Every structure is written in C-alpha cells, then in structure tokens.
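Inside the fold
For reference, the chains in residue letters:
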Amino acid sequence: MHSGSARDLSLHHGPLSNLFPRVTSEAERLPWRLNDEQLQFWEENGFVIGPRVLDSLQIDQLRAELTMVSQPGHPGSEFWYEYHSNECRDPGKILFHALGAWRIGVGLHDILWNPRFTTPAAQLLNGPVRFWHDQLFCKPAHHGGVVAWHQDYSYWTRTRPMAHLTCWIGLDDSTIENGCVYYVPGSHRWNLLPITGLAGDMNAIRDVLTAAQWEQFQNPVPVQLRAGECVFHHPLTVHGSFENRTENPRRAVVLNVVRDGVCSESEQPLLEGVPVVPPGTPLGGQFFPLLYTPGH
Ligand SMILES: O=C(O)CCC(=O)C(=O)O
C-alpha cells in the first residue's frame, strides 16, 4: 500500500497541463458547437451525441490515470468523495464507481476545462458551466456489472434548481456487447422518480413507473460510441447499462455540471469531506469551479 502524499488538485481552477486544447476566443470554439439538428434531437429525446472530446493521446493518459487510481491506497486516495471498488450487489459482477478523480489525476482534472466538452455543455445548459462532480464507471472484462435504470437528478435533489447536465465520455469503444449506455427517449419530460438502486436490479424501476411510462420504456436506445466520443444527457432522462461480457474493459469518465447559480438545498456537506454550502447559497469555492462563461 502507498501512503497518501499527493496534492489536492481541486486547489487549481484551470488546466495544469497542455493535454487539452486551450482557446482564447469564441471563434475557436465553433467546431465543437452542437448544430441545430443536434439541439433539436436533444429537445425531443433528452440526450445527444456530442463532438469527439478526446484524441488517442488523451485517452492513453486518462486510461493510465484510471489504472493508477484503481489501486487501493494509491497516492491521493484521501481525496475521493466516494470510492466503490465494486458497487455491484451481485458478487459475481464488478462495477468500479468513484467520485472525485479530478482531485487526484492531472488529466482527470484538466478534462474539466476541455473546450470540446465545455462548449456544448454551455449550449445545453443555456448559460455558464459550473462543475458539480465527476464519476468513473468501469466494467472489467468478462464480469462487468450493470448500472440500473435511473434519473441522475434523483441523486441530486440536495441542489436546486434543476439545471444540471451529464456528459458521458468513453475511454473504450462502447458497444451493446460490453455494456454501453441505453436511454429512454423522451423520459426527460417525466416526473422525478424515486431512487431504486444504482448497481442492482435492472427491473427495479418498473415498480415506480406509471402504465404510460412503462409502455414508453419498452424501446430504450443503445448509444454505441468510439473511445473518446461523448453523449450528453438531461438530469431526468432515464438511462442504464447492461453487463460487460466481452474480453475487454468498458471504462468511462462522466462529468456532471450545473448552470452557474444552482444552489445548495442541504445543511449537510454536498459531497463527502466538502465544507457545507448553506441552503440557498450558490455552488462555488474550491470544490465547485466555474469552468466556462460563454463570451468571456
Ligand atoms: O457508465 C454507465 O454505464 C452508466 C453511466 C451513468 O449512469 C451516468 O453517466 O449517469
């Protein structure tokens, strides 16, 4: 076991490396903007495939950092908000799920400021992009576990108003065989559903759906992506993913952001180990950096 003697990268509100492109003007962001067709797809379905956000060098760096942070007791392990080396309820399956990697790995930190991500995020949020938290979701080869159907906002009601956004970025090609993410199109117009479990039973959600929702639920759409590509989803869009039974891992970095101005609703720490943000106070400070303000 290593001893934790790493620095906390959350103290740095900007890129620490040159891994990702740096832009100084809005014009440079144009190639990464979502077009009208993509924005219309988003409105109708509650998810949309975004631009390619990572090249092969960046993917290699992030995979290496992910391997490092998967080792128990690695340097910086004290900085995780949550760390589940296996979140699966089924003991024969594995789902690695952890929040807080941006505090530990330089690439996992700098990806937050990647303009290929922040540009479309600002469009979908319709305003400045503030960081909420990150997540790693990794399904190892052969026995990777499921992520049960859920809406992200069911886990985030301690922050308000609902102006949240998720960006799922593959570090491997994601396919139906290895457990890519599926979406229920149009479910972003549903009511907020209660939590029915993240890494357990794929059928658990059925108990909380109306007959009409259950009918709409019958045709979830698999989003198969190449490594480095991304998909955005709305905080109410129902999504989940099945097992990985292939010979290779299926790894993903997920970035969760809010429109600047979203407030705490809680007298408890919003994330483990983070100072309380009093109810009614906008997210900000060391743990919730502003990533991009359009026009600045
Ligand atoms: O990676 C997965 O399979 C699930 C990801 C997920 O639930 C999310 O991005 O909110």
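Structure: see above.
As a starting point, this report considers the structure included with it. Here the structure is a predicted model, which means the values were calculated and not measured. (Residues numbered from 1 in each chain as written. Predicted model: local features only at pLDDT ≥ 70, side-chain atom pairs only at ≥ 80, totals over all residues.)

So, the environment of Gln135
Short version of the rule: Numbered from the N terminus, helices here are DSSP runs of H or I no shorter than four residues, and strands are runs of E no shorter than two. Each residue is classed by its C-beta neighbour count within 10 Å, where at least 20 other C-beta atoms makes it buried, 12 or fewer makes it exposed, and intermediate counts make it partly exposed; the C-beta atoms are placed from backbone geometry. Here contacts are defined at the residue level, using C-beta atoms placed from the backbone and a cut-off of 7 Å between them.
By secondary structure assignment, the location of Gln135 is in strand β4 (residues 129–139). Among the residues examined, Gln135 registers 19 C-beta atoms within 10 Å and is labelled partly exposed. In the structure, Gln135 is positioned 35 residues away from Gly100 in sequence and 6.8 Å away in space, judged by C-alpha atoms. Apart from residues lying up to four places away in sequence, Gln135 is in contact with His97, Leu99, Val254 and Asn256.

Examining the site of the ligand
What counts is decided by this rule: Placing the C-beta atom from the backbone, one calls a residue near a molecule or strand if that atom lies within 6 Å of it. Throughout this entry, Asp, Glu, Lys and Arg are counted as charged residues, while Ala, Val, Leu, Ile, Met, Phe, Trp, Tyr, Cys and Pro are counted as nonpolar. The remaining residues, Gly among them, count as polar.
Around the ligand, the structure places Phe137, Val147, Asp152, Thr166, Trp168, Val181, His239, Ser241, Ala252 and Val254. Among the residues making up the shell around the ligand, the classes are represented as 6 nonpolar, 3 polar and 1 charged.

Observations concerning unusual backbone geometry
Here Arg160 and Pro161 are connected by a cis peptide whose omega angle stands at -5°. With respect to the helices, strands and loops of the structure, Pro161 is situated in the loop between β6 (159–160) and β7 (164–170). Here the phi dihedral of Asn126 falls at roughly 60°; this positive angle occurs in a residue that is not glycine. Within the secondary structure, Asn126 is located in the loop between α4 (115–125) and β4. Overall, Asn126 belongs to the exposed group, with 9 C-beta atoms counted inside 10 Å. Of note in this structure, His142 is not a glycine but carries a positive phi near 75°. Tracing the chain through its elements places His142 in the loop between β4 and β5 (147–150). On the neighbour-count criterion, His142 (14 C-beta atoms within 10 Å) is partly exposed.

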